Amino acid sequence: MTESTLRPKIISIANQKGGVGKTTTSVNLAASLAHAGRKTLLIDLDPQGNASGGLGIDRYSSATIYDVLIGRKELGECIQGTALPNLFVIPSNQNLIGAEVELINAISREKKLKVALKKLPADFQFVILTVHQAWVF
């Protein structure tokens, strides 16, 4: 396989219960992979946006995963760099709570994230998803 046909490894850190270390695990795993020289994207799918904030991203003045899921922006438009080389993030904020309601009648709403990930720039080696709820688009 050529490098252009390789897809990134996608790792999801998910649990419905709060306080179990999803954000801590996601941020530390993503930072460790980036520190090891692996180009890594952390997608914050928690409406509290703590992973985004923990990486120094102002989640209120930027494009977020919510914008991707509702079709307002492409995935690539929402990727932001961090202070750590090789670590990038797509932030989240409380707007994500409304995505479930807004997409209730959308066709294939459960595939929104999967479809968006297909447009991910080819040079990412890892994608880490930090997920708050059992439902993921």
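Residues numbered from 1 in each chain as written. Predicted model: local features only at pLDDT ≥ 70, side-chain atom pairs only at ≥ 80, totals over all residues. Heavy atoms only, no water.

Caption draft 1: Structural view of the nonpolar core. L41, I43, L45, I65, L75 and I90 are the most contacted members of the largest nonpolar core, which has 23 residues in total. For this core, the secondary-structure elements that each account for two or more residues are β2 (40–45), α3 (65–69), α4 (75–78), α5 (96–102), α6 (112–117) and β5 (126–131). By residue number, the principal contributor to this core is α3, which donates 4 residues. Excluding residues within four positions of it along the chain, L41 makes contact with I79, F88, V89, I90, L120, F124, F126, V127 and I128. Within the second largest apolar cluster, 14 residues are counted, among which are L33, L87, V89 and F126. (Core = buried A, V, L, I, M, F, W, Y, C linked by side-chain atoms within 4.5 Å. Buried < 20%, exposed > 50% of the residue type's maximum accessible area, 1.4 Å probe, protein only. Helix = DSSP H or I, 4+ residues; strand = E, 2+ residues; numbered from the N terminus. Contact = heavy atoms within 4.5 Å.)

Caption draft 2: Geometry of the layout of surface pockets. By volume, the second largest pocket amounts to about 170 Å³. Every element with two or more residues in the lining of the second largest pocket is listed here: α3 and α6. Among the elements that make up the lining of the second largest pocket, the one with the highest residue count is α6 (3 residues). Its residues assigned to classes, the lining of the second largest pocket comprises 5 nonpolar, 1 polar and 4 charged. (1 Å grid on protein atoms, 1.4 Å probe; cavity = no way out; pocket = protein on both sides within 12 Å on 5 of 7 lines; lining within 4 Å. Points joined across faces, edges and corners; volume = space filled by probe spheres on them. Nonpolar A, V, L, I, M, F, W, Y, C, P; charged D, E, K, R; others polar.)

Caption draft 3: View of the sheet that holds β5. Here we have 5 strands laid out as an open sheet, ordered β1-β5-β2-β4-β3, and mixed in their pairing. In this open sheet, the two strands that pair with only one neighbour each are β1 (9–14) and β3 (80–81). With 2 bridges connecting them, β3 and strand β4 (residues 87–90) associate as antiparallel partners. Each residue of the ladder has a partner; that of Q80, found in β4, is V89. Packing against the sheet, helix α1 (residues 22–35) makes contact with β1, β2, β4 and β5, and its axis sits at approximately 170 degrees to β5. (Pairing = 2+ DSSP bridges. Axes fitted to C-alpha atoms, helices over the stretch in contact; angles between N-to-C directions.)

Caption draft 4: Focus on the side chain of S92. You can see S92 is positioned in the loop between β4 and α5. Overall, the relative accessible area of 0% leaves S92 in the buried class. A polar atom in the side chain of S92 sits 2.9 Å from the backbone oxygen of D46. (Polar contact = N/O pair within 3.5 Å; in protein donor to acceptor, adjacent residues only side chain to side chain.)

Caption draft 5: Just unusual backbone geometry, in detail. The phi dihedral of N86 is positive, around 75 degrees, even though this residue is not glycine. Looking at the element boundaries, N86 is found in the loop between β3 and β4.

Caption draft 6: Highlighting the pattern of salt bridges. According to the stated counting rule, one finds 3 salt bridges in the structure shown. As a salt-bridge pair, R72 and D67 come within 3.0 Å of each other at their nearest N and O atoms. One salt bridge connects E74 with K119, and the closest N-O pair in it is separated by 3.4 Å. Remark: K119 occurs in the loop between α6 and β5 and E74 occurs in the loop between α3 and α4; sequence separation between them is 45 residues. Using a relative accessible area of 40% as the deciding quantity, one classes E74 as partly exposed. (Salt bridge = Lys/Arg side-chain N within 4 Å of Asp/Glu carboxyl O.)

Remember, this is a structural readout, not a statement about activity or role.
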